[in-house]
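# Fold and geometry: a report
Chain by chain, the residues run as shown.
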Amino acid sequence: IQRLTVDGNNYRPVWSPDGERIAFASDRNGPIGLYWQNADGSGVAEQLTTADEGTAHWPEAWSPDGQTLVYKVEQTSAGGWNIQTNEMDLWLLSVENPDERQVFAADPYPVLEVGATFSPDGEWLAYTVGDGQAVEFEIWAQPFPPTGERRRISQEFGVMPTWAQDGEELFYRPISQTPGMRQTLRSISVAQK
């Protein structure tokens, strides 16, 4: 076991596809921004984004080629990190041009976009979208790079999409407002073309 970070509070590590780096969120220089560090602990952590006050950047997923990191931008309305009260959108960061970030999915609050994951071929991003106040979320997918097309994937409320290795199936966890209701993993076949 090797400790990689020593400064600030560090959150949500995400391995790069080649296993060489780990992206993570940290408050070491103020608001929670994105950093990356060599996975073997060598070198120093490099800051990738600088969040505005009252905003946090959380890493979500790497593209399979390791060239793009999708991350969540969360704006707090009450001083804390809470899915029912904060605006949350998905952004893209290019490793080659980290200063040229772009919005991937952003609808006005109370609609939230979170939990992004790339398909194994890197041609689609699946993510959770829904009403944070009502806790009603569905799974959607968009082509990557973005074209503006958006497809609903889940047939019911669901969160936490994860692609099968062959990219032909998407798993997610259904959610229910019924107390004590057993929740099981669901899957759906996905036609990507």
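See the structure above.
One structure accompanies this document, and this report is about it. Remember, it's a predicted structure, so these values are computed and weren't measured experimentally. (Residues numbered from 1 in each chain as written. Predicted model: local features only at pLDDT ≥ 70, side-chain atom pairs only at ≥ 80, totals over all residues. Heavy atoms only, no water.)

### Thoughts on the sheet that holds strand β11 (residues 136–143)
The strand order across the open sheet built from four strands is β9-β10-β11-β12, with neighbouring strands paired in antiparallel fashion. Each edge of the open sheet carries a strand with a single partner, namely β9 (111–118) and β12 (151–152). (Pairing = 2+ DSSP bridges. Helix = DSSP H or I, 4+ residues; strand = E, 2+ residues; numbered from the N terminus.)

### Some details on the layout of surface pockets
Here the largest pocket is characterised by a volume of approximately 300 Å³. Gly115, Thr128, Val159, Met160 and Pro161 are the residues nearest the centre of the largest pocket, which is lined by 14 residues in total. Going through the elements one at a time, β9 and β13 (158–163) are the ones with two or more residues in the lining of the largest pocket. For the lining of the largest pocket, the class distribution of residues is seven nonpolar, four polar and three charged. (1 Å grid on protein atoms, 1.4 Å probe; cavity = no way out; pocket = protein on both sides within 12 Å on 5 of 7 lines; lining within 4 Å. Points joined across faces, edges and corners; volume = space filled by probe spheres on them. Nonpolar A, V, L, I, M, F, W, Y, C, P; charged D, E, K, R; others polar.)

### Things to note about the sheet that holds strand β15 (residues 186–189)
Here three strands make up an open sheet; going across it, the order is β13-β14-β15 and the pairing antiparallel. Since the sheet does not close on itself, it has two edges, and those belong to β13 and β15, each with one partner. Looking at each pair of strands side by side, their axes are set apart by 30 degrees on average, direction ignored. Alignment of strand β14 (residues 169–174) against β15, held across four bridges, turns out to be antiparallel. Each residue of the ladder has a partner; that of tyrosine 172, found in β15, is arginine 186. (Axes fitted to C-alpha atoms, helices over the stretch in contact; angles between N-to-C directions.)

### Comments concerning the side chain of lysine 72
Among the secondary structure elements, lysine 72 is positioned in strand β6 (residues 68–75). Although lysine 72 is buried, it forms no salt bridge, and the closest oppositely charged side chain is glutamate 74 at an N-O distance of 4.1 Å. Beyond its immediate stretch of four places on either side in the chain, lysine 72 contacts Arg12, Ala56, His57, Trp58, Glu60, Met88, Asp89, Leu90, Glu113 and Val114. (Buried < 20%, exposed > 50% of the residue type's maximum accessible area, 1.4 Å probe, protein only. Lys, Arg positive; Asp, Glu negative; His and termini not counted. Salt bridge = Lys/Arg side-chain N within 4 Å of Asp/Glu carboxyl O. Contact = heavy atoms within 4.5 Å.)

### Considerations on the nonpolar core
If you look at the biggest cluster of nonpolar residues, it comprises 13 residues, and the most contacted ones within it are Val70, Leu90, Phe104, Leu125 and Tyr127. Counting residues per element, the ones that place at least two in this core are β7 (87–94), β8 (102–105), β9 and β10 (124–131). With three residues, the single largest contributor to this core is β10. (Core = buried A, V, L, I, M, F, W, Y, C linked by side-chain atoms within 4.5 Å.)

### Side note on the environment of methionine 88
Looking at the secondary structure, you find methionine 88 in strand β7. As for methionine 88 and threonine 76, which are separated by 12 residues in sequence, their C-alpha atoms are 8.9 Å apart. The residues touching methionine 88, leaving out its near neighbours within four places in the chain, are Lys72, Val73, Glu74, Asn82, Ile83, Val111, Leu112, Glu113 and Val114.

### Some thoughts on the pairing of β14
Burial along β14 is one-sided: the residues Leu170, Tyr172 and Pro174 are buried and none of Glu169, Phe171 and Arg173 is. Inspection of the sheet shows β13 paired to β14 by four bridges, in the antiparallel sense. Within β14, the position partnered with glycine 158 by the bridge is proline 174. Remark: five residues form the turn of the hairpin made by β13 and β14, two consecutive strands paired antiparallel; glycine 167 in that turn has positive phi of roughly 75 degrees.

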